[in-house]
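Given next are the chains, with one letter for each unit.
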Amino acid sequence: MECGAIQINAPPSLISLAVGMPNPDMFPFEEATVKLRNGKSLQISAKQMKTGLQYAPSPGVPAFRKVLCDMQKKIHNLTYEPEIFVTTGSQDGLSKTFEMCMNVNDYVLMEEPSYPGALGILKPYHPRVLALEGDRDGIKPESLRRALSLWKPSDAQTDADMPKILYVIPNGGNPTGTSLTYERKQEIYQIASDYDLLIIEDDPYYFLQFAEKPSPSFLSMDVDGRVMRFDSFSKVLSAGLRVGFMTGPKPLMQRIEYHIQVSLLHTSALAQILILELLKDIGHAGFMDHVTNVRNFYMSQKEKMIAAATKHLKGLAEWNEPTGGMFVWINVPGVKDTSKMISERALKKEVLLAPGNAFLADSTRPSSYVRASYSLASEVELDKHCGSAVKPCDHRSITSVC
Ligand SMILES: Cc1ncc(COP(=O)(O)O)c(CNc2cc3ccccc3n(O)c2=O)c1O
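Keep in mind that this is a model prediction, so the values were computed, not measured.

A. Just the UniProt feature "domain: Aminotransferase class I/classII large" (unreviewed entry) in the protein chain, in detail. The feature "domain: Aminotransferase class I/classII large" (unreviewed entry), as given by UniProt, occupies residues 28–386 in the numbering adopted here. Taken end to end, residues 28–386 has its terminal C-alpha atoms 49 Å apart, with 38% of it in helix and 17% in strand.

Encoded structure:
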């Protein structure tokens, strides 16, 4: 089937009396012109506006899915036509996928610390989280092997009570800022294949990898149909448009489609049309140029953040230099619970950080870490505030801060 081609066998002359769609001629919005930062303008024609304002197929606006399909094939070197659904941010696709896979008390393999948005989806299932260790190069494959050593690979072919899901943020990890090396991805993929795991590749920071050459994705190496990949336009085009897309094996995607049909019907068609018109206007090369500019911006922000941390926090705190994304994960040794330090000190100094316990599977546990995001602050603000949240208020030792 042609990439993204949607099988509609109806003749164009068909008059449908079947669907409960409103008449778009009654909508007050007719056309739109959107001014772009590059000085050009995007024209949303009356025809496109009607499409954007009308109900759309649950998997997404067909023309948009076609563009996403071509993009995915180019970026991830796919030799097949991937099944792609548009989602309302990658958060939407993640929640539907976890809801599809999880039973109460299921095991979940994931790095700890991890993204609170994923931990929040899992919470109602009371998951048995097998927390995986990571370092600046991401999850350690030996940690995954150790977690799975309670079972034999052959157990996966029985209905043994064992892990089915591996949740991974491969690039610019949230909150760690670390990225999996290609070698580790290959090793982890092989372990997932041995134990028949589904890999949930949550990759909203794919375009924010600081390495010269992006590391190939799990999707690009998937020969078993065991990768569900979640992409997002939130970090490169708009977070508020709420447009992401998921790529995965047809049998699983079919169930996700049912879920979309009975939950939100489809992601905003107008948001899809806006991004579609932009991608048609700038083309794939233009989009890649744009995401390179975005990546360079965050890399420059990272450098300012690390310079400020080195200047103010050396000896007081520890961190890995991020290899992607927009976060740095800072350990404040001797401070048992940073949530108190943040609420009692940082706020007084007008700086807000995310407490480390928010990124733990059990957030009631204290953490000596904080997550700092360097996406919004200027160089002056980073320098001004970097130390104020962590430095002791007077000559007392750091441990007396909280
Ligand atoms: C690993 C990972 N996976 C998925 C998502 C969701 O992306 P989307 O649905 O495509 O926009 C994210 C977004 N992360 C955050 C979002 C956010 C929004 C408001 C306020 C704070 C937020 N903080 O702190 C976040 O980390 C993420 O980091």
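B. Focus on helix H1 (residues 46–53). The complete set of buried residues in H1 reads Gln 48, Met 49 and Gly 52. All buried residues of H1 fall inside an arc of 100° around its axis, so they share one side. Elements in contact with the buried residues of H1: strand E1 (32–35), strand E2 (41–44) and helix H8 (269–313).

C. Broad picture of the sheet that holds strand E10 (residues 227–232). Overall, mixed pairing links the seven strands, which are arranged E3-E11-E10-E9-E8-E4-E5 in an open sheet. Because the sheet does not close on itself, it has two edges, and the strands there are strand E3 (83–87) and strand E5 (128–132). Neighbour-to-neighbour, the strand axes of this sheet turn through a mean angle of 20°, independent of strand direction. Sheet topology note: the strand E4 (residues 107–111)/strand E8 (residues 165–168) ladder contains two bridges and is parallel. Counted as the bridge partner of Leu 109 is Leu 166 from E8. Across the sheet, helix H7 (residues 250–262) lies against E3, strand E9 (198–202), E10 and strand E11 (244–248), angled at about 25° from E3, the strand it touches most.

D. Region of the structure containing the pattern of salt bridges. All chains considered together, the criterion is met by 23 salt bridges. The partner of Asp 135 in a salt bridge is Arg 184, and the shortest N-O contact between them spans 2.8 Å. Of this pair, Asp 135 sits in strand E6 (residues 134–135) while Arg 184 sits in helix H6 (residues 182–194), and the two are 49 residues apart along the sequence. Classification of Asp 135 as partly exposed rests on a relative accessible area of 25%. Notably, a salt bridge pairs Asp 155 with Lys 152, separated by 3.1 Å at the nearest N-O pair. Several salt bridges share partner residues, and in doing so they unite Glu 201, Asp 203, Arg 229 and Asp 231 into one network.

E. Region of the structure containing the side chain of Asp 222. Mapped onto the fold, Asp 222 is located in the loop between E9 and E10. At a separation of 3.0 Å, a polar atom in the side chain of Asp 222 contacts the main-chain amide nitrogen of Arg 226. Residue contacts for Asp 222: discarding those within four places in its chain leaves Tyr 189 and Val 227.

F. Representation of the domain arrangement of the protein chain in the model. You can read the domains of the protein chain as domain 1 (54–282) and domain 2 (291–401). Computed over C-alpha atoms, the centres of domain 1 and domain 2 are 28 Å apart. Contacts between the two partners involve 25 residues from domain 1, matched on the other side by 24 residues from domain 2. Put simply, domain 1 and domain 2 have two salt bridges between them. With a shortest N-O distance of 3.4 Å, Glu 112 and Arg 365 are connected by a salt bridge. Applying the counting criterion to the domain 1 and domain 2 interface returns 12 residue pairs in polar contact (both at pLDDT 80 or more). Of the residues that constitute the side of domain 1 that touches domain 2, the class distribution is 11 nonpolar, nine polar and five charged.

Conventions and cut-offs
- Residues numbered from 1 in each chain as written.
- Predicted model: local features only at pLDDT ≥ 70, side-chain atom pairs only at ≥ 80, totals over all residues.
- Heavy atoms only, no water.
- UniProt positions renumbered as here; feature names shortened; annotations may be inferred.
- Helix = DSSP H or I, 4+ residues; strand = E, 2+ residues; numbered from the N terminus.
- Buried < 20%, exposed > 50% of the residue type's maximum accessible area, 1.4 Å probe, protein only.
- Arc of directions from axis to C-beta.
- Contact = heavy atoms within 4.5 Å.
- Pairing = 2+ DSSP bridges.
- Axes fitted to C-alpha atoms, helices over the stretch in contact; angles between N-to-C directions.
- Salt bridge = Lys/Arg side-chain N within 4 Å of Asp/Glu carboxyl O.
- Polar contact = N/O pair within 3.5 Å; in protein donor to acceptor, adjacent residues only side chain to side chain.
- Domains from an automatic or database assignment.
- Nonpolar A, V, L, I, M, F, W, Y, C, P; charged D, E, K, R; others polar.

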